[in-house]
Amino acid sequence: MTTDSSQPIMEQTQKQLSAWARYWNSINWDNVFSLIITKGLSILLFSLLFLLLFRLGKLMIEKLYTRYLSKQEQPIARVKTIRTLIDNVFVYTLFFFYIYTILTVLGVPIGSLIAGAGIAGLAIGLGAQGFMNDIITGFFILIESQLDVGEYVKLQNINIEGTVIAVGIRTTKLKSFDGTVHFIPNRNITTISNLSRSNMQVILDIRVDLKEDLGKIKEILQEINEQLKEEYPEITDGPTIFGLVDLGFGNFAYRTTLYTINGRQAGMKEIFLQKYLEELTKAGFTIPTTPIMPPK
């Protein structure tokens, strides 16, 4: 009984082995090995070619970066960001063409893949439109040097101002006076008012009593101006006594103007006003402190 039941199974197994043997013998192994060697050599040659292009491209980018850095007085962080962006674009582009070449050598239908990828890419592109806008805007902010780390800027369209602490290809970071750090997508930056690119004006008004000796007051102010001008080299122009100005409602002041390097205007204003008050008080002059408002 056992011999009779196992006979059909053995015959079926032999038939399957025979089928595999016929298939195996039908393969033209000479063509297979020839194809593997041809494809392998092509892939190897193209790989060496792209490796050479990669090395040459990196070398050119490094030379351009070194030359640009030596000729331009640009912040190193910004130049490094631009170099990283160029590096990434070069590597991704070269990698794309390398993969395209390898798939072509292997006989993969690239046209059908690109058509399918185009539909998917369109959907992804619509979703990533804001991201691409960030990158493009950030690229031009860096290239045109619209702002740099450490500068004080105002972003007029979104009403944010502060000191720049980072300039990226996608976002820009500002730190306000109260310590708040703002992470701003670059696509939202349309109007930049950079307050750190030129000297800043300082206006000093010291209120006076018209009944006192105005000539002597002006003389004291002039002496203070000459003294502080020598002590603080960050003053780029002035100080110059503009003269007597009307603050309104019967209030008058001597106005002094000066220019200082950006970022020092608040400190200079405090120093000058403190010195004015000390010397005028010491000389016996009265400094009005009543609020400037219309009489009731």
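Heads up: these notes are all about the structure in this document. (Residues numbered from 1 in each chain as written. Predicted model: local features only at pLDDT ≥ 70, side-chain atom pairs only at ≥ 80, totals over all residues. Heavy atoms only, no water.)

A closer look at the overall build of the protein chain
So, step 1. Of regular secondary structure, the protein chain possesses seven helices and eight strands.
So, step 2. In the protein chain, buried positions account for 23% of the 296 residues.
So, step 3. Partitioning the contacts of the protein chain with sequence separation of at least 6, the portion at a separation of at least 24 is 63%. (Helix = DSSP H or I, 4+ residues; strand = E, 2+ residues; numbered from the N terminus. Buried < 20%, exposed > 50% of the residue type's maximum accessible area, 1.4 Å probe, protein only. Contact = heavy atoms within 4.5 Å.)

Details of the packing of aromatic side chains
So, step 1. Within this structure, the stated rule accounts for five aromatic pairs.
So, step 2. For the pair Phe-54 and Phe-90, a centre-to-centre distance of 6.4 Å together with 20 degrees between the ring planes defines the contact as stacked. Placement of the pair is Phe-54 in helix 2 (residues 29-71) and Phe-90 in helix 3 (residues 76-106), with a sequence separation of 36 residues.
So, step 3. With relative accessibility at 21%, the residue Phe-90 sits in the partly exposed group. (Phe/Tyr/Trp six-rings, centres within 6.5 Å; stacked < 30°, edge-to-face > 60°.)

Brief notes about the sheet that holds strand 8 (residues 251-260)
So, step 1. Spatially, three strands are ordered 6-8-7 in an open sheet, and the strand pairing comes out antiparallel. Taken across any chain shown, the strands that pair with only one partner, and hence form the sheet edges, are strand 6 (200-208) and strand 7 (235-248). Averaged over all pairs of adjacent strands, the angle between their axes in this sheet comes to 20 degrees, without regard to strand direction.
So, step 2. Where strand 7 lies against strand 8, nine bridges are found, and the strand directions are antiparallel. The residue of strand 8 that forms the bridge with Gly-248 is Asn-251.
So, step 3. On the sheet, helix 6 (residues 214-231) packs against strand 6, strand 7 and strand 8 and is oriented at approximately 155 degrees with respect to strand 7.
So, step 4. Running over the sheet, helix 7 (residues 265-282) touches strand 6, strand 7 and strand 8 and is turned about 20 degrees from strand 6. (Pairing = 2+ DSSP bridges. Axes fitted to C-alpha atoms, helices over the stretch in contact; angles between N-to-C directions.)

Considerations on helix 7
So, step 1. Across its 18 residues, helix 7 extends 26 Å between first and last C-alpha, which sits within 8% of the 26 Å expected from 1.5 Å per residue.
So, step 2. For helix 7, every residue scored as buried is listed here: Gly-267, Met-268, Phe-272, Tyr-276 and Leu-280.
So, step 3. The inward-facing, buried residues of helix 7 abut strand 6, helix 6, strand 7 and strand 8. (Expected span 1.5 Å × (residues − 1).)

A few points about the sheet that holds strand 3 (residues 171-175)
So, step 1. The five strands lie next to each other as 4-3-2-1-5, forming an open sheet whose pairing is antiparallel. The open sheet has two free edges, formed respectively by strand 4 (181-185) and strand 5 (192-194), since each of these has just one partner strand. With direction set aside, neighbouring strand axes in the sheet form an average angle of 40 degrees.
So, step 2. In the sheet, strand 1 (residues 152-155) pairs with strand 5 via three bridges, with the strands oriented antiparallel. For Val-153, the partnering residue across the bridge sits in strand 5 and is Asn-194.

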